[in-house]
Amino acid sequence: MDTRFGPKRRTLPCFTAVSTNMLVLLAATALLPHQARAAEWPSAYIRALPDDAFAAIETAPGGRRLRHLPHHDHTGALDPPHLRSALARWHQVKWRDPAAAAAARAHLDAHRSALRAASGRAGGEADGTTGP
Ligand SMILES: [Zn+2]
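Residues numbered from 1 in each chain as written. Predicted model: local features only at pLDDT ≥ 70, side-chain atom pairs only at ≥ 80, totals over all residues.

Thoughts on the overall build of the chain
Quick note on the threshold: Helical segments are the DSSP runs of H or I of at least four residues, strand segments are the runs of E of at least two, and each set is numbered from the N terminus. Any residue with 12 or fewer other C-beta atoms within 10 Å of its own C-beta is exposed, any with 20 or more is buried, and the rest are partly exposed; the C-beta atoms used are placed from the backbone. Residues are treated as contacting if the C-beta atoms built from their backbones sit within 7 Å of each other.
Each helix and strand in the chain was counted, giving four helices and two strands. Going from N to C terminus, the chain has its helices and strands arranged as α-α-β-β-α-α. Across the 132 residues that make up the chain, the buried fraction comes to 11%. Of the contacts formed within the chain by residues at least 6 apart in sequence, a portion of 47% connects residues at least 24 apart.

Structural data, given as structure tokens:
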């Protein structure tokens, strides 16, 4: 298990877009005694996410859909802590199709590059690139 991630710092980027149900879910989540870290999503929340929230979707032989590496929240917004988690867990996924694995990796890497570029423009962490 990866324990590098600290508490989620940016919890509600657009408060008005969060439904009452989501607030109840967040409140209930905060009360769970076994919650390992703030960035972790409950499995019920992950099951309710749209397909677009995942890096890849594969189909098992029985027809069951396997959705891998959620990293967008229910609004479709990128969730940086879950992006980091998805990148860290990519190699742990039991991929059925190498092409799906490669596409998922490229998708996650593109998000990471965009985030780094954005943080560079904002004067955040230096990553070796020069901003405008
Ligand atoms: Zn994505």
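A look at the environment of Ala 100
Considering the arrangement of structural elements, one finds Ala 100 in helix H4 (residues 98-121). C-beta crowding within 10 Å serves as the criterion here: with 18 such atoms nearby, Ala 100 is assigned to the partly exposed category. Separated by 42 residues in the primary sequence, Ala 100 and Glu 58 have C-alpha atoms spaced 7.4 Å apart. If we skip the residues at most four places from it in the chain, Ala 100 touches Ala 56, Glu 58 and Trp 95.

Focus: helix H3 (residues 80-89)
Looking at H3, one finds that the buried residues are Pro 81, His 82, Leu 83, Ser 85 and Ala 86. Here the buried face of H3 lies against strand S1 (54-59), strand S2 (65-70) and H4.

Notes on the environment of Ala 101
Looking at where Ala 101 falls in the secondary structure, it is placed in helix H4. Sequence separation between Ala 101 and His 91 is ten residues, and the spatial gap between their C-alpha atoms is 8.8 Å.

Overview of unusual backbone geometry
Although it is not a glycine, Leu 69 adopts a positive phi angle of roughly 60°. By C-beta crowding, Leu 69 is classed as buried, having 22 other C-beta atoms within 10 Å.

A look at the nonpolar core
For clarity, the threshold we go by: Any nonpolar core is a set of buried residues, restricted to Ala, Val, Leu, Ile, Met, Phe, Trp, Tyr and Cys, that join up through C-beta atoms within 7 Å.
The biggest cluster of nonpolar side chains holds eight residues, and these are Ala 53, Phe 54, Ala 55, Ala 56, Leu 69, Leu 83, Ala 86 and Ala 104. Only S1 and H3 provide two or more residues apiece to this core. Here the element with the most residues in this core is S1; it accounts for three residues. Apart from residues lying up to four places away in sequence, Ala 86 is in contact with Ala 55, Leu 69, His 71 and Leu 108.

Some remarks on the packing of H3 against H4
Selection criterion: Interaxial angles span 0 to 180 degrees and are taken between N-to-C directions of axes, which are lines fitted to C-alpha atoms, for helices over the stretch in contact. Working rule for angles: under 35 degrees goes down as roughly parallel, over 145 as roughly antiparallel, 65 to 115 as roughly perpendicular, anything else as oblique. For any pair of crossing helices, the crossing counts as left-handed if the nearer helix is rotated counterclockwise from the farther one by less than a right angle, and right-handed if it is rotated clockwise. Here the nonpolar group is Ala, Val, Leu, Ile, Met, Phe, Trp, Tyr, Cys and Pro; Asp, Glu, Lys and Arg are the charged ones; every other residue, Gly included, is treated as polar.
The interhelical angle for the contact between H3 and H4, taken along N-to-C directions, is 135°, at an axis separation of 10 Å. When the interaxial angle is binned, H3 and H4 end up oblique. With respect to the hand of their crossing, H3 and H4 are arranged in left-handed fashion. Every residue of H4 that contacts H3 at Pro 80, Leu 83, Ala 86 and Leu 87 is listed here: Leu 108, His 111, Arg 112 and Leu 115. Here the contact of H3 with H4 is composed, by residue class, of six nonpolar, one polar and one charged.

Some points on the pairing of S2
Cut-off, in case you're wondering: Strand pairing requires that DSSP identify at least two bridges connecting the strands.
With five bridges joining them, S1 and S2 adopt antiparallel strand pairing. From the neighbouring strand, Phe 54 faces S2, where its bridge partner is Pro 70. Here S1 folds back onto S2, and the loop between the two strands holds five residues, one of which, Gly 63, carries a positive phi near 95°.

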